[in-house]
Amino acid sequence: MLITEALPGESLYSRYIRHMTLWHMPAKAFLQTLVGNNRASIHPYITVGATNAAEFYSQNYNKIISEQTLAPLFVHFSHKRKNKIYKYLLLNDSGRAIRNCQLPNFRESEKLSLKYCLVCVHNDIKKYGISYWHIAHQVPGINSCYKHQISLLHLSLPCRPHIKMGLLPSLIGDAKASTKESFLLARYVYSRLQNIVNIGRPYNINTLLEKLRRTGFIRENNRVLRAELTYECFHLSRKLQHSSVGLLPRSDTDFNYFSYLLCNQHPQHPFKYLFLEFWLTFFCKTKVKPVLEVTAVDNTKQQTILKNKYLDLLRGGLSLAKISQKTGKSRCYLKLLALKNKISINMKPRLITTEVVKGVLKMAYKGFHRKAIAKHFKISTGSISQIISAESGLVQRRRRAKFESRRRKYKAQVLKWIALEPSDSKKYIRKYLPYAYSWLYRHERKWLYQQLNF
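In the annotation of an unreviewed UniProt entry, the protein is listed under the name TnsD family Tn7-like transposition protein and assigned to Thalassotalea nanhaiensis.

Put into structure tokens, the structure is as follows:
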């Protein structure tokens, strides 16, 4: 099948539209020829069908995917899924390719639309006689042309299969100047995209964390100054003047925006990384003085040094509030540290005295429940848990006692049932004593089978 040759910066999606327009092909007929399924869906930047386009012009399909789709952007920030993303793109399975890009799972997202610049459209028509969709304009979160300081216009994506004849940018609309910040962001993202395509190196979150450390937004113990970071980035996002702010921080207290990104445990939208990098590169003028320079000190050794520092402050007689303010550690952590090291601290209200602690430990050793102890001394169960945790070996002792108590209880239930209904089979005991059966099956399977005559 003849697929029109790509124009500079054109997306694969745009080539399909131009082909359909040129040969006057309905969407179903085109999709049947392209991917063998007239009900296939075509995404504007995670586009399938690269192998068919590569066959006619004897091109490498990897080159088409890299330069005419945004798959490299998602692969760069989620490199573990690289093989699956490319596999399903080559199999023309658009749904699985998009799912492996994690697009439906991101908390921050924007409404999918086709974006274009009026000045680019004018230049394209003048030079090539036709307008087309530029892949760089389709990057999520970008609202300005990277060549001209013009706000991108949005065209709603047509319903499934998302393509149709003549769906190309038009000269209808007003060319409004974008803000300087939005223009700089578009240029930065375009530059990063070119770098990703040419080098193809997977993203390393440590580079970003190191920049944050140098500017003092990550302090000792890897504590991130989320309030300051969110405040700065939120006010930058307001200057972008985006019509759709779904990918940007929702407020100057939207701490989760960076928490999930910097912990590097959950996949995040590529735009969030680009936005934070952009802020660090152009607008991070606040040099928060680092409390402690990050060195190659062993992490365990560093933890010991800091722990001794906290203990010295506690022994010095400072209040928990002042130590917490000075070190950044929570009062609960400091209180537990003091209890474990037998350091007396000034606490208000003074309900938990030495006598109270002794009484709590006495009841805890006897196996009383935390709620019963808390009710007896009229303090919270959280405080009881803290006192119990601070006593060496007490938690393990109570855990073992609980285990033995359950063992006795469930064995007694089973024996009682067998005595009453000796003819009942295993399935009835499993049905009427589900908790006892499942617990004994996990921990006392041999004894259980002996009682059931297996």
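This is not the end of the story, as more comes after the structure.
Draft legend 1. Broad picture of empty space enclosed by the protein. Under the counting rule described, the total for this entry stands at 4 cavities of 30 Å³ or more. In this structure, the largest cavity is lined by Glu110, Lys115, Gly141, Ile142, Asn143, His154, His242, Ser243 and Ser244. Grouping the amino acids of the lining of the largest cavity by side-chain chemistry returns 1 nonpolar, 6 polar and 2 charged. Surrounding the second largest cavity, Ala136, Val139, Ile142, Ser144, Tyr146, Ala186, Val189 and Tyr190 form its lining. A per-class count over the lining of the second largest cavity returns 7 nonpolar, 1 polar and no charged.

Draft legend 2. Expanded view of the nonpolar core. In this structure, Leu276 and Trp279 are the most contacted members of the largest nonpolar core, which totals 89 residues. Looking at which element gives the most residues to this core, the answer is helix H13 (residues 270-282), with 8 residues.

Draft legend 3. Up close: the confidence of the model for the protein. Averaged over all residues, the pLDDT of the protein equals 85, while 94% of them reach at least 70. No element of the protein has a lower mean pLDDT than helix H15 (residues 320-327), at 76, and none a higher one than helix H8 (residues 118-128), at 93. In the predicted structure, residues 290-297 sits below a pLDDT of 50 and forms 8 contacts with residues beyond four places in sequence or in another chain.

Draft legend 4. Just unusual backbone geometry, in detail. Following Arg160, the chain continues into Pro161 via a peptide bond in cis, with omega recorded as 15°. Its location among the elements puts Pro161 in the loop between strand E2 (153-156) and helix H9 (180-199).

Draft legend 5. Up close: the pattern of salt bridges. Counted according to the given criterion, the structure contains 15 salt bridges. Taking the shortest distance from any N to any O, the salt bridge between Asp254 and Arg107 comes out at 3.2 Å. Here Asp254 is found in the loop between helix H11 (226-240) and helix H12 (256-263), whereas its partner Arg107 is found in the loop between helix H7 (94-100) and strand E1 (113-116), with 147 residues between them in sequence. With relative accessibility at 36%, the residue Arg107 sits in the partly exposed group. With a closest N to O distance of 3.0 Å, Arg407 and Glu404 form a salt bridge. Of this pair, Arg407 and Glu404 both sit in helix H20 (residues 394-420), 3 residues apart, roughly one helical turn. Each of the salt bridges in this network shares a partner with another, and the network as a whole consists of Arg400, Glu404, Arg407, Lys411 and Glu444.

Draft legend 6. Structural detail: the state of the cysteines. Taken as a whole, this structure holds 0 disulfides when the rule is applied. Cys284 takes part in no disulfide bond, and the closest cysteine sulfur to it belongs to Cys233, at a distance of 8.3 Å.

Draft legend 7. Up close: the environment of Leu208. By the element assignment, Leu208 lies in helix H10 (residues 205-214). Under the relative-accessibility criterion, Leu208 is labelled buried at 3%. Distance in space between the C-alpha atoms of Leu208 and Leu262 is 8.7 Å, their sequence separation being 54 residues. In contact with Leu208, not counting residues within four places along its chain, are Tyr203, Leu261, Leu262, Tyr273, Leu276, Glu277 and Leu280.

Draft legend 8. Structural detail: a positive patch on the surface. A cluster of basic residues, Arg370, Lys371, Lys402, Arg406, Lys409 and Arg442, forms a positive patch at the surface. Elements supplying a minimum of two residues to the positive patch: helix H18 (370-377) and H20. Residue contributions to the positive patch peak at 3 residues, all from H20. Examined against the element boundaries, Lys409 turns out to sit in helix H20.

Draft legend 9. Highlighting the packing of aromatic side chains. Scanning all chains against the criterion turns up 21 aromatic pairs. When the centroid spacing of 6.1 Å and the interplanar angle of 85° are considered together, the rings of Tyr188 and Phe282 count as edge-to-face. Placement of the pair is Tyr188 in helix H9 and Phe282 in helix H13, with a sequence separation of 94 residues. The buried category is assigned to Tyr188, whose relative accessible area is 13%. Relative accessible area serves as the criterion here: at 38%, Phe282 is assigned to the partly exposed category. Judged by centre distance (5.8 Å) and plane angle (50°), the rings of Tyr410 and Trp439 are tilted. Separated by 29 residues along the polypeptide, Tyr410 in helix H20 and Trp439 in helix H22 (residues 434-443) bring together distant segments of the chain. By the burial criterion, Tyr410 is buried, and Trp439 matches it. Through pairs of rings, three or more aromatic residues link up here, namely Tyr188, Phe278, Phe282 and Phe283. Looking at Arg445, its charged tip hangs above the ring of Tyr441, at a distance of 4.0 Å from the centre.

Draft legend 10. Expanded view of the environment of Gln268. Take Gln268: it is sitting in the loop between H12 and H13. The class of Gln268 is buried, set by a relative accessible area of 11%. Each C-alpha atom, one on Gln268 and one on Phe258, is 9.8 Å from the other, the two residues being 10 residues apart in sequence. Among residues more than four places away in sequence, those in contact with Gln268 are Phe106, Glu108, Tyr260, Leu261 and Tyr273.

Draft legend 11. Seen up close, the side chain of Gln138. Mapped onto the elements, Gln138 comes out in the loop between H8 and E2. A polar contact of 2.8 Å, which involves the side chain of Gln138, links it to the backbone oxygen of Lys115. Apart from the residues within four sequence positions on either side, Gln138 is in contact with Tyr45, Leu70, Ser113, Leu114, Lys115 and Trp133.

Draft legend 12. Region of interest: helix H4 (residues 61-68). For H4, the set of buried residues is Ile64, Ile65 and Gln68. The buried residues of H4 occupy one face: seen down the axis, they fall within an arc of 105°. Between the side-chain oxygen of the N-cap and the backbone nitrogen of Asn62 there are 2.9 Å, and the N-cap of H4 in question is Asn60.

Rules of the game
Residues numbered from 1 in each chain as written. Predicted model: local features only at pLDDT ≥ 70, side-chain atom pairs only at ≥ 80, totals over all residues. Heavy atoms only, no water. 1 Å grid on protein atoms, 1.4 Å probe; cavity = no way out; pocket = protein on both sides within 12 Å on 5 of 7 lines; lining within 4 Å. Points joined across faces, edges and corners; volume = space filled by probe spheres on them. Nonpolar A, V, L, I, M, F, W, Y, C, P; charged D, E, K, R; others polar. Core = buried A, V, L, I, M, F, W, Y, C linked by side-chain atoms within 4.5 Å. Buried < 20%, exposed > 50% of the residue type's maximum accessible area, 1.4 Å probe, protein only. Helix = DSSP H or I, 4+ residues; strand = E, 2+ residues; numbered from the N terminus. pLDDT = per-residue confidence, 0-100. Contact = heavy atoms within 4.5 Å. Salt bridge = Lys/Arg side-chain N within 4 Å of Asp/Glu carboxyl O. Disulfide = S-S within 2.5 Å. Patch = residues over 30% accessible without salt bridge, like charges linked within 9 Å, V, L, I, M, F, W, Y side chains within 5 Å. Areas by Shrake-Rupley, 256 points an atom, 1.4 Å probe, with all protein chains shown as cover. Lys, Arg positive; Asp, Glu negative; His and termini not counted. Charge placed at Lys NZ, Arg CZ, Asp CG, Glu CD. Phe/Tyr/Trp six-rings, centres within 6.5 Å; stacked < 30°, edge-to-face > 60°. Lys NZ or Arg CZ within 6 Å of the ring centre and 35° of its normal. Polar contact = N/O pair within 3.5 Å; in protein donor to acceptor, adjacent residues only side chain to side chain. Arc of directions from axis to C-beta.

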